[in-house]
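Residue-level structural notes
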Amino acid sequence: MSIARPLAVENEALAIPTTMKAAVYRGVNDVRLEEVPVPEIGPGEILVRVHTCGICGTDLKKISTGSHSAPRIFGHETSGVVAKLGAGVHEFAVGDRVMVFHHIPCRECYYCRHKTFAQCPTYKKVGCTAGFEPSGGGFSEYVRVMDWIVQKGTVRIPDGVSFEQACFVEPVNTCLKGIETLCLQPNETALVIGQGPIGLILATLAKRAGARVITSDLYPARLTIAKSFGLNLTIDASKADAGQMVHEMTEGRGADAVILAVGGSSLIRPAMDAARPGGRVLLFAQTTRGEATIDPAAVCVDEKTLAGSYSASVELQEESVRFVMNREMDLERLISHRFPLDRSVEALKLAAHPQPDSMKIVIQPGSKGDSSTPGFGVMGSRAWEGNQL
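Cut-off values and rules
- Residues numbered from 1 in each chain as written.
- Predicted model: local features only at pLDDT ≥ 70, side-chain atom pairs only at ≥ 80, totals over all residues.
- Heavy atoms only, no water.
- pLDDT = per-residue confidence, 0-100.
- Contact = heavy atoms within 4.5 Å.
- Buried < 20%, exposed > 50% of the residue type's maximum accessible area, 1.4 Å probe, protein only.
- Helix = DSSP H or I, 4+ residues; strand = E, 2+ residues; numbered from the N terminus.
- Pairing = 2+ DSSP bridges.
- Salt bridge = Lys/Arg side-chain N within 4 Å of Asp/Glu carboxyl O.
- Phe/Tyr/Trp six-rings, centres within 6.5 Å; stacked < 30°, edge-to-face > 60°.
- Lys NZ or Arg CZ within 6 Å of the ring centre and 35° of its normal.
- Axes fitted to C-alpha atoms, helices over the stretch in contact; angles between N-to-C directions.
- Parallel < 35°, antiparallel > 145°, perpendicular 65-115°, else oblique.
- Left-handed = near helix turned anticlockwise from the far one by under 90°.

Examining the confidence of the model for the chain
Summarising the model, the chain shows a mean pLDDT of 91, and 91% of its residues fall at 70 or more. Across residues 1-12 the pLDDT falls below 50, and counting only partners more than four positions away or on other chains, this stretch makes 42 contacts in the model. Across residues 369-389 the pLDDT falls below 50, and counting only partners more than four positions away or on other chains, this stretch makes 58 contacts in the model.

Structure representation (structure tokens):
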């Protein structure tokens, strides 16, 4: 079978159709490939032809819980090519390769003044859409980028940087924000629970901050990938108790910081148990509201701090762009499966039910309908070109 490879989109302007394909959310666990109108743009806006859009766990939770009204077109880790300019747009040209953030705060309200940008009312408005209620729109052929995102949240992709690499800017920003929230110090020990794509990025950034990083996962294959990124202290949670192992590796204290990069609430208590007295625990994937069991004395008597981090920070935008575009981490290697838009429903199902050999899954409307067979990205995406199995 043929292995999928990164696909180029030509820079020359193409005729824009009146309709396009999109993966439309219609209700709980109901996503359908439909023909929808190409969105119209207004003054100050741009239309982007999508090349690659990563599948984010937050979109999967919205689909599985029905937390958001239907219909919608999700997808916010978007990179592509400017296809059309609205009146008054001078900073971009048709054919520019770009990635777009879908949230940008006002920087003036109470929450922005207190640097909790994700709580800003403007930030909570989604500035990218492929139709219906604005929800990112990246799981489609074209995305309308609204004026405040054009001005503050659209980034050119440098020559030599792929669309796949560039689509990681927003998730990297969220991870940088999490690491900043933890206030990691050099030589502190950080345990990262979960080595999916986000957990691996968090672990890499924790190491970049000077921490001694220990990773844990139920899938040994993911720990092998972690080691390929230089994260050599690993715990196979399918065979050993990660909390006990961390205590043994820290002279009985526990980790200075624990990052929980796995969804759900069942691991919050074990994560807190793995932290030393006075340590910090960061909840990074607990985006579904509900109840959880914790030991309140761990916070009061043991003086452990339980913190959260959600979404991106505008103050880390430039740093996240530099990190990705300068290839401080070869993020393309995290991509295990690439799907054309025609197979987006299949892509979403796989992402919602991860397997030992699945990591980052992307939908590529820019693949022009080519057959896209999953491939394992540890070798780096350039290794896929021309390979046959």
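Quick word on the pairing of strand E13 (residues 275-283)
In terms of burial, E13 is largely enclosed, as seven of its nine residues are buried. Looking at chain direction, strand E12 (residues 255-260) and E13 are connected through five bridges and run parallel. For Ala255, the partnering residue across the bridge sits in E13 and is Ala275. Here E13 pairs with strand E14 (residues 305-308) via four bridges, running parallel. When the sheet's bridge partners are listed, Arg280 is paired in E14 with Thr305.

Observations concerning the pattern of salt bridges
One pass over the structure, following the stated rule, counts 19 salt bridges. In this structure, the salt-bridge partner of Arg280 is Glu188, at a minimum N-O distance of 2.8 Å. Taken as a pair, Arg280 in strand E13 and Glu188 in the loop between helix H6 (169-182) and strand E9 (189-193) lie far apart in primary sequence, 92 residues in all. By relative accessible area, Glu188 is classed as buried at 11%. Here Arg327 ties to Asp330 by a salt bridge, and the two come within 2.7 Å at their closest N and O atoms.

Observations concerning the packing of aromatic side chains
This structure, assessed with the given rule, holds two aromatic pairs. Relative to Phe74, the ring of Tyr25 has its centre 5.3 Å away and its plane inclined at 50°; by these criteria the two rings are tilted. In this pair, Tyr25 sits in strand E1 (residues 19-27) while Phe74 sits in the loop between helix H1 (57-65) and strand E4 (77-85), placing the two residues 49 residues apart along the sequence. Among the residues examined, Tyr25 registers a relative accessible area of 2% and is labelled buried. For the ring pair Tyr110 and Tyr111, a centre distance of 5.5 Å and an interplane angle of 90° mean the geometry is edge-to-face. For the cation-ring pair, Arg97 lies above Phe163, with the distance from its terminal atom to the ring centre recorded as 4.6 Å. Over the ring of Trp148 we find Lys125; its NZ or CZ atom is 4.9 Å from the centre of that ring.

Some words on the sheet that holds strand E11 (residues 233-236)
Think of a sheet as strands paired side by side through backbone hydrogen bonds, with each pair either parallel or antiparallel. If you walk across this open sheet you meet the six strands as E11-E10-E9-E12-E13-E14, and the pairing is parallel. The open sheet is flanked by E11 and E14, the only strands paired with a single partner. Between one strand axis and the next, the sheet turns through 20° on average, direction left out of account. Against the sheet, helix H7 (residues 197-208) contacts E9, strand E10 (212-217) and E12, and its axis sits at roughly 165° relative to E10. Across the sheet, helix H9 (residues 242-249) touches E9, E10, E11 and E12, and the angle it forms with E11 is around 150°.

As for the packing of H6 against H7
Running from amino to carboxyl end, H6 crosses H7 at an angle of 50°, the nearest separation of the two axes being 9 Å. Taken together, the axis directions place H6 and H7 in an arrangement best described as oblique. In the packing of H6 onto H7, the handedness of the crossing is right-handed. Residues Pro171, Val172, Cys175, Leu176 and Ile179 of H6 touch H7, and the partners they reach there are Ile198, Ile201, Leu202, Leu205, Ala206 and Arg208.

Looking at the environment of Gly86
Positionally, Gly86 belongs in the loop between E4 and strand E5 (97-100). Look at Gly86 and you get buried, because its relative accessible area is 9%. Expressed as a C-alpha distance, the spacing of Gly86 and Met146, which sit 60 residues apart in the sequence, is 9.7 Å. When sequence neighbours within four positions are dropped, the list of residues in contact with Gly86 reads Ile41, Gly42, Gly44 and Glu45.

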